[in-house]
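Coordinate inspection notes
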Amino acid sequence: MTQFDKRNISMLIDLYEIMMANGYFVNHEENTEVIFDVFYRKNPDGAGFAIYAGLEQVLDYLENLHFDDDDIAYLRNLNCFNEDFLNVLKHYHFRGTVFSMPEGTIMYPYEPVMTVKAPLLDAQIIETAVLTQINHQSLIATKTQRIVNAAQGRSVADFGARRAHNVDSAVYGARAAYIGGATGSATLLAGKMFNIPASGTMAHSFVMFHKDEFTAFKLFAELYPDRSVLLVDTYDVLASGIPNAIRVAHEVLEPMGKRLQGIRIDSGDLAYLSKEARRMLDAAGLQDCKIVASNSLDEYTIRSLLDQGGCIDSFGVGERLITAKSDPVFGAVYKLAAVKENGVFVPKIKISENAEKITNPGEKRLWRLYNETGHAVADLITLADEEPDFTKPYAYIDPRKPWKRSSFVGCTGKQLQRPVMVDGKRVGRKYSLDEIRSYVAYQLKNEIWPEEQRFENPHHHFLDMSPAYYQMKMDLLEKAQNFR
């Protein structure tokens, strides 16, 4: 299901991409098979890892990619394109094969999370759409996981739609937040599209509209006795909000056989107010009443609140989650890795004065290595035709310390990428959002070291190379120097 059933987003293409595709067509190069890798260079917020999200929307895009008559007319009016090329686009469908990590995989910089093997025309025009989805959702999923981590088992709900950059960022941001561990979203469109649990309480306007706070609370509790979470900071949390909530609990809900579900505090000193609220609620026999906090929260404010002994049971997190405010650019890129020449894929490498921008070339495999306890000790890049034997010590190269002799001992390995699309058609099972979310949680609990999950100075996860792959890359670098 797409956000707007009649909306065709196939034209989510940068002009330069389709100009290059036209150039390939004019030069009869459009069907040359190539390989592009999607990878990123830096974890946001100095984190130890990121969460891969957005794959489902990428596959939706590729499977439905087409150009309507008005798209062709628009391109023709740009006066840039060969008419025969436009006729090809008129009958176009994506022909490529896509390999990808499963959505929800914990990922690290510089490793290929998605690989596209396709005719050059097809591979070139999809760059923007692929990166838009992966960059945005991976960013929000990663940010949400940090917030959930800080909450120490307390629930975190996405309250961010009104601060999101547009409708799509609100809806797909809610999807990504759920993957990252949020328990629900206030955004009903996201709930409808992705079956995300709906979460919400009441607004200050509801309290302000009625003649007094007690009346507003009473009416709300009568309407929603099983969802009675009252917003207590419209006037004064301790002097009126909590006393009126307690009164409603005793005078309205208890005669109905119901309990006050919770109160929400949206302003002020949340640590102090929550502790006082807990004291007052407990004294009134409402030990089961939950305290919800909101108001410009993120992982750092949540951690601070809990460090101060804040009596908070759950958090509603808005703008700093849905915009990933502290580090709002993910930075995944889409780079050419190989070109087929005479039936063989020839590796290609991008050289830069900045070492971090030098690409990992060629057709390759990505492995995750596990020790005997099941923890991931490193990721490994090999040549596409290599079959590593992990039953015995396996020598590898750490590209940061290539002079060091190192081996994996007693490890098992699995390939991280699998085919998800062949010749433009999906293959394999489609995973539900709950399965993706559970996969993230499983990895963080069982596979990813706690030291990689800390906020400050997380442990560096190693991306190593087989000796053959490392030598191939060094040979390409040496060859490139000779062309300068």
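Residues numbered from 1 in each chain as written. Predicted model: local features only at pLDDT ≥ 70, side-chain atom pairs only at ≥ 80, totals over all residues. Heavy atoms only, no water.

Within an unreviewed UniProt entry, the label attached to the chain reads Nicotinate phosphoribosyltransferase, and the organism entered is Candidatus Anaerobiospirillum merdipullorum. Per UniProt, the comment on the chain under Sequence similarities (unreviewed entry) is "Belongs to the NAPRTase family." Within the UniProt record for the chain, the comment given under Function (unreviewed entry) is "Catalyzes the first step in the biosynthesis of NAD from nicotinic acid, the ATP-dependent synthesis of beta-nicotinate D-ribonucleotide from nicotinate and 5-phospho-D-ribose 1-phosphate." (UniProt positions renumbered as here; feature names shortened; annotations may be inferred.)

A tally of regular secondary structure across the chain gives 17 helices and 21 strands. Considering only C-alpha atoms, the chain reaches an extent of 85 × 60 × 40 Å along its principal axes. Summarising the internal contacts of the chain: among those between residues at least 6 apart in sequence, 75% fall at separations of at least 24. Looking at the chain, you have 54 positive and 63 negative side-chain charges, and the mean spots of the two groups are 2 Å apart. (Helix = DSSP H or I, 4+ residues; strand = E, 2+ residues; numbered from the N terminus. Contact = heavy atoms within 4.5 Å. Lys, Arg positive; Asp, Glu negative; His and termini not counted. Charge placed at Lys NZ, Arg CZ, Asp CG, Glu CD.)

For the rest of this paragraph, the subject is the sheet that holds strand 3 (residues 97-100). Pairing is antiparallel in the open sheet, where 7 strands are placed in the order 13-12-1-5-3-19-20. Across the chains shown, the open sheet's two edge strands, defined by having one partner strand only, are strand 13 (344-347) and strand 20 (425-426). For strand 1 (residues 33-39) and strand 12 (residues 333-341), the ladder comprises 6 bridges, and the chain directions are antiparallel. Along strand 12, the bridge assignment pairs F39 with V333. (Pairing = 2+ DSSP bridges.)

This paragraph deals with empty space enclosed by the protein. Overall, the coordinates contain 2 cavities of 30 Å³ or more when judged by the stated rule. A volume near 70 Å³ is recorded for the largest cavity. D37, F39, Y110, E111, P112, I358, T359, N360 and K364 together form the lining of the largest cavity. Approximately 50 Å³ is the volume found for the second largest cavity. A47, G48, F49, Q145, R146, N149, E452, Q453, R454 and F455 together form the lining of the second largest cavity. Elements represented by at least two residues in the lining of the second largest cavity include exactly helix 6 (127-150) and helix 16 (450-453). For the lining of the second largest cavity, the leading source of residues is helix 6, giving 3 residues. Looking at the lining of the second largest cavity residue by residue, the classes come out as 3 nonpolar, 4 polar and 3 charged. (1 Å grid on protein atoms, 1.4 Å probe; cavity = no way out; pocket = protein on both sides within 12 Å on 5 of 7 lines; lining within 4 Å. Points joined across faces, edges and corners; volume = space filled by probe spheres on them. Nonpolar A, V, L, I, M, F, W, Y, C, P; charged D, E, K, R; others polar.)

As a further point, take the layout of surface pockets. If a probe as big as a water molecule is rolled over the atoms, it shows which places are left empty. Of the voids in this model, the largest pocket is the one considered here, and its volume is about 750 Å³. Lining the largest pocket are 29 residues; nearest its centre among them are F159, R162, A186, M202 and R264. Across the lining of the largest pocket, the residue classes break down as 12 nonpolar, 11 polar and 6 charged.

Attention now goes to the packing of aromatic side chains. A full pass over the atoms with the stated rule returns 12 aromatic pairs. Where F220 meets Y224, the ring centres are 5.1 Å apart and the plane angle is 55 degrees; that geometry is what we call tilted. Relative accessible area serves as the criterion here: at 40%, Y224 is assigned to the partly exposed category. Put simply, the rings of F25, F81 and F85 touch in pairs and so form one group of aromatic residues. When the ring centre of F194 is taken as reference, the NZ or CZ atom of R175 above it lies at 5.8 Å. (Phe/Tyr/Trp six-rings, centres within 6.5 Å; stacked < 30°, edge-to-face > 60°. Buried < 20%, exposed > 50% of the residue type's maximum accessible area, 1.4 Å probe, protein only. Lys NZ or Arg CZ within 6 Å of the ring centre and 35° of its normal.)

Another point: the packing of helix 2 (residues 55-64) against helix 6. In the contact formed by helix 2 and helix 6, the axes pass within 8 Å of each other and the chain directions differ by 165 degrees. When the axis of helix 2 is compared with that of helix 6, the two are roughly antiparallel. Helix 6 is crossed by helix 2, and the crossing has right-handed handedness. Between helix 2, through Q57, V58 and Y61, and helix 6, the contact on the second element is made entirely by A129, V130, Q133, I134 and Q137. For the contact of helix 2 with helix 6, the per-class residue count stands at 5 nonpolar, 3 polar and no charged. (Axes fitted to C-alpha atoms, helices over the stretch in contact; angles between N-to-C directions. Parallel < 35°, antiparallel > 145°, perpendicular 65-115°, else oblique. Left-handed = near helix turned anticlockwise from the far one by under 90°.)

All right, on to the sheet that holds strand 11 (residues 314-317) then. Read across the open sheet, the 6 strands follow the order 7-6-11-10-9-8; overall the sheet is parallel. The sheet is open, and its two borders are formed by strand 7 (184-185) and strand 8 (229-231), each paired with just one other strand. Judged from the 4 bridges that link them, strand 6 (residues 155-158) and strand 11 form a sheet pairing that is parallel. Its bridge partner lying in strand 11, A157 is registered against G316.

Looking now at the UniProt feature "domain: Nicotinate phosphoribosyltransferase C-terminal" (unreviewed entry) in the chain. Per the UniProt record, the feature "domain: Nicotinate phosphoribosyltransferase C-terminal" (unreviewed entry) sits at residues 364-473. Across residues 364-473, helical content stands at 23% and strand content at 33%; the span's end C-alpha atoms are separated by 11 Å.

Below, the discussion takes up the nonpolar core. Core analysis: the biggest nonpolar cluster contains 134 residues, and F94, M114, I126, I263 and F315 have the highest contact counts within it. Residues within four places of F315 in sequence aside, it is in contact with A151, R154, S155, V156, A157, A293, L297, I302, L305 and L306. Residues L369, A378, F390 and Y396 belong to the second largest nonpolar core, which totals 9 residues. (Core = buried A, V, L, I, M, F, W, Y, C linked by side-chain atoms within 4.5 Å.)

So, on to the pattern of salt bridges. One pass over the structure, following the stated rule, counts 32 salt bridges. When the shortest N-O distance is used, the salt bridge between K143 and E299 registers 2.8 Å. Residue K143 is found in helix 6, and its partner E299 is found in helix 13 (residues 299-307); the two are separated by 156 residues along the sequence. We note that K143, like E299, is buried. Salt bridges linked by common partners bring E56, D60, E63, R426 and K430 together as one network. (Salt bridge = Lys/Arg side-chain N within 4 Å of Asp/Glu carboxyl O.)

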